[in-house]
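# A structural walkthrough
Each chain is listed here by its residues.
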Amino acid sequence: MRVDFLRPLCAAAFVVCAAGAAQASPPFSFDAAPGRLPKTVVPLDYRVAIVPDAASKTLTGTETIALEVRKPVSVIVMNSLNERLRAVKLDGTAVAGVKSDDEQQLTTLTLAKPAAVGRHTLTFAYSGKLETAPQGLFVQPYRTPDGTNGTMLSTQFEATDARRMFPCWDEPAFRATFQLTATVPANWTTVSNMPVHARAVHGTVATTTFERTPKMPTYLLEFSAGDLAHVDADADGKHFGVWAVRGQEQNGATALANAPVILADYDAYFGYTFPLPKLDSIAVPGGFQGAMENWGAITYNDQALLFPPNSTQARKETVFSIQAHEMAHQWNGDLVTMGWWDDIWLNESFASWMAAKETALRNPTWNWWEGQDVAKEAAMNADARLTSHPIEQHVVNELEAEASFDPVITYDKGQAFLRMLEAYLGEDTFRAGVRQYIKARAFSNATSGDLWRGLSAASGKDVEAIASGWTTQPGFPLVSALAMCDSTGNRTLALTQKRFLYNGTDAKNPHWNVPMDIRSGPSGKPQQILFTRDGQTVPAGRCDEPLSANADAIGYYRVAYDEATLALNQRGFATMPSADKIAQLDDQWALVEGNQAPLSSYLAFSSGMGNDLDARAWEQILGALGTLEFDERGTPGHDAFAAYARAVIHPVFDRLGWDAKDGEEPATQALRRAVIGDLGAWGDTAVIAEANKRFDGFVANRASLAPDDQGVVMAIVAENADQARFDQLHTIAKSAKDEAEVRRFYGALANVRDPKLAQQVLDVIMSSEIPPQAAGIRVRTVMGMTPNNPKLVWAFYKAHYNELLASSSEFSRALAMTGIPATFWRAAPLDELEAFVKAHVPPTAGAFVARGMERARSAVALRDRLVPSADAYVGGHKPATPVSSGNR
């Protein structure tokens, strides 16, 4: 599935049922696979010929489908949407009736006589439409840097939108082969899953036929067309291409270099060579966000694939990691496809985990696994709520399938769980189990049970007994660790667990088998255990040593220490390994958020980092202090807290300064920018002055600021801008040379605080200054303006939501609406927000609305609880050294 920048997820249906009690997962069976389509008629091969008209947004086509009839039938049922069929024949005989129902997304063919068991051929012609949002075959307008307007066609079929381009059996268990033919303008280039078989020009149009694909589900078919050009290379018998709008193809050189390296690593890891002759990567200007793993023809938003000369380090990391994710899908998802949408995690969790593993392997200076703590914490934040859901969700029918693509659970929790499971079983054992799974299910489908059997065979353990609680139950445990010391100073831990929740309790009292790594002392070797029962005890080093019950921060659980051990960890915090610090900071802040620990217990850790410049640990601290500073806005204690927060992080700035040093790792450079940005946002006058000085230099000489530094400098300037400064910022934005600069420069405008300037930003962002392929930055910019001007932005959003979401798919629009309460809780009463959302989403979106409202209510309650605590703490902990401040 696409890996989204915003990670938006068909509003057709949202109902997803929570998984019940853990039961043995059966292996994949075609006959037992859920779905609405009868299993009596099975497609074997499709020959699809399409003639799209981008100008009229219409589509005509013909199909020839080889069928296997497994039982005599009088009707044939398949999926369709917005299509009208004609000249429908089975084995050359016209059918008796055709009924297409767009509400049910089904076409029913009544046969002239029953079809006998065996092979048959279905033929028909049809007409349909091209979409304007990324669903089915869609039209994507764009504007090049020189102002030329163009149009491209591309596809987005997952989960259930292949039926929008051609009538088909659009459920994942119905794997078949496909031969696609397309007729488009002769000056266009076409790309699909397989190499070109034949191309013939007929005047102003050309007809291209592609080679037949392997057996695969409908959602992996791909077609793109337009004025495209490419860079290409060959490696290990495979052809690699990166396609883009003509003139942009050279910006694909980085991705082209990445692809053979990643593919070779995956060939080796999975023990199964990539089975297609080529792998194309296609940069779509706009459209869907992120990427889609179509077999042999991966589509990307161009900002996730191309790397122009003015790109940032963050974009370089985005390109590699998203490529690694989508290419992992060529095995987990494409070669082996989940049998039904209940098991979409087998695609998405695995691709996320494999991508992180590959990115860390090939880019050791990026400290990738530490950075993935951000994704794990996002998952745990969502999973610590009563409205969360299991990784495995029961999807009743395929119209609900897209609702199972919850990014923080399906992607991030799944990734974190797999990392924990791999650490417990061992890397070599885990890989051996994955190889067995892939080999056994290649060119077919799978269930969770198939994976558990592969891992169990390799490990000799009952993996399902260990793992199923993590995939079939929502949430995760809070492990309470009570230290007991004997007369010689040796420590024993007594462990108990309960579900960790920010609010409320879980009446089901769930239990998990928890793989744990326990470390005593700064340099102790982690001890691995499986925590299976309350009261379980384990030796844990010496009582005078700091303790980590989640060594290296690999576990997907929280830890609460007894008071004495917590105090010991606070005193020895500076000596702990960086990853253990990260786990301690994450857990203590979550306990504070859940009202299970005082704020002071967290702040003692955040001010005890010593000389450690670990980027993720400080990022966690910046996030917590940022939450508190935001909550303090408009209160009498704000300025005192801002001064305290500056004092905590200023020593980091004093060591790092403004400018990068030779040999610095990217994570350290990112930390510098984050600290500078927060010091500016929290009123450090010296930082603000220096940012303005550097911006003046940038106005005079665009080469004076590196692309990585432009965003933070312009954000600080925008925060403190008057009209003259705003006009300079706007002029720079209008002069953007490409979409990367458009996103960077217009995005900086979102930081303005002056309400008059904020209104100007809202006017600008909705204007034609924004190229059509970058329409998605409108809603991101508007949302980014919420912290500084919540009421203004809320009024604007209510008036313009249709325009803001115009380029989004149906499901993305609905999901964006359900996120409104958590974004605008400071702008309007919660009842007003809830009423607005319910008026703009389908009734079946109730679970999503409930999640959004729970987050909003939690945010209000957290603010009301933490502001007095922060004021009291700051009152007794004055900054040790004077720190420059400014008015807000």
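In short, a report on the structure. Predicted model, so just to flag it, every value in this text is computed and none were measured.

Okay, the overall build of the protein chain next. Each helix and strand in the protein chain was counted, giving 26 helices and 29 strands. At 28 Å, the protein chain has a C-alpha radius of gyration in line with the 29 Å of a compact globule built from 888 residues. With respect to the three principal axes, the spread of C-alpha positions in the protein chain is 90 × 70 × 55 Å. Residues counted as buried form 61% of the 888 residues belonging to the protein chain. As displayed, the protein chain offers around 31400 Å² of accessible surface, 53% of which is attributable to carbon and sulfur atoms. For the protein chain, the distance from the average position of its 81 positive side-chain charges to the average position of its 100 negative side-chain charges is 2 Å.

Joining two cysteines, a disulfide is a covalent bond between their sulfur atoms. The final tally for this structure, using the stated rule, is one disulfide. Paired through a disulfide, Cys485 and Cys543 show a sulfur-sulfur distance of 1.8 Å. Taking the torsion about the S-S bond as the criterion, the Cys485 to Cys543 disulfide, at about -115 degrees, is left-handed. Note that Cys485 is positioned in strand S23 (residues 477–485) and Cys543 in the loop between strand S27 (536–542) and strand S28 (547–548), a separation of 58 residues in sequence.

Okay, the sheet that holds S23 next. Strand-to-strand pairing in sheets goes through backbone hydrogen bonds, with the strands running parallel or antiparallel. Here we have four strands laid out as an open sheet, ordered S27-S24-S23-S29, and mixed in their pairing. Among the strands making up the open sheet, the edge pair consists of S27 and strand S29 (558–561). With strand direction ignored, the average angle separating the axes of adjacent strands in the sheet is 35 degrees. Both S23 and S29 contribute to a ladder of four bridges, which runs parallel. Considered in S29, the bridge of Val479 is made with Val559. In the packing of helix H10 (residues 563–571) onto the sheet, the strands contacted are S23, strand S24 (490–499) and S29, and the crossing angle to S29 comes to about 105 degrees.

For the structure shown, the criterion picks out 39 aromatic pairs. Aromatic pair Tyr269 and Trp353: ring centres 6.1 Å apart, planes at 65 degrees, arrangement edge-to-face. Taken together, the residues Tyr269 in helix H1 (residues 253–270) and Trp353 in helix H3 (residues 345–362) connect sequence positions 84 residues apart. Comparing Tyr269 with Trp353 shows no difference in burial state: the two are buried. Members of the aromatic cluster, connected to one another through ring pairs, are Tyr266, Tyr269, Phe270, Phe274, Trp331, Phe350, Trp353 and Phe430. Geometry around Phe30 places Lys39 over its ring, the cationic atom sitting 5.7 Å from the centre.

Quick notes on the rules
- Along each chain, residue indices are assigned from 1 in the same order as the chain's sequence is written.
- In keeping with the model being predicted, local features are shown solely for residues with a pLDDT of at least 70 and side-chain atom pairs are shown and tallied solely at 80 or more, while totals for entire chains, interfaces and linings include all residues.
- Calculation of side-chain values draws on the structure's entire complement of heavy atoms; hydrogens and water are dropped beforehand.
- Under the DSSP-based scheme used, a helix requires at least four consecutive residues in state H or I and a strand at least two consecutive residues in state E, with every element numbered from the N terminus.
- All radius of gyration figures rest on C-alpha atoms, and the globule criterion is 2.2 Å times the number of residues raised to 0.38.
- The buried label goes to any residue with under 20% of its type's maximum accessible area, the exposed label to any with over 50%, and the partly exposed label to all in between, with areas taken from a 1.4 Å probe on protein chains only.
- Here the Shrake-Rupley method, with its probe set to 1.4 Å, supplies the accessible areas, and only the displayed protein chains count as covering residues.
- Only four residue types enter the charge count, namely Lys and Arg as positive and Asp and Glu as negative; His and the chain termini do not.
- Charge coordinates come from a single atom per side chain, which is NZ of Lys, CZ of Arg, CG of Asp or CD of Glu.
- Our working definition of a disulfide is a cysteine sulfur pair at a distance within 2.5 Å.
- In this scheme, strands are said to pair when DSSP sees at least two bridges between them.
- Whenever a helix is involved, its axis is fitted only over the stretch in contact; in every case the axis is a line through C-alpha atoms, and angles between N-to-C directions fall within 0 to 180 degrees.
- It only takes one pair of heavy atoms within 4.5 Å for two residues to be counted as in contact.
- Two aromatic rings, drawn from Phe, Tyr or Trp (for Trp, its six-membered ring), form a pair once their centres lie within 6.5 Å of each other, and the interplanar angle then sorts them: stacked below 30 degrees, edge-to-face above 60, tilted otherwise.
- Charge-over-ring contacts are defined here by two conditions on Lys NZ or Arg CZ: a distance within 6 Å of the ring centre and an angle within 35 degrees of the ring normal.

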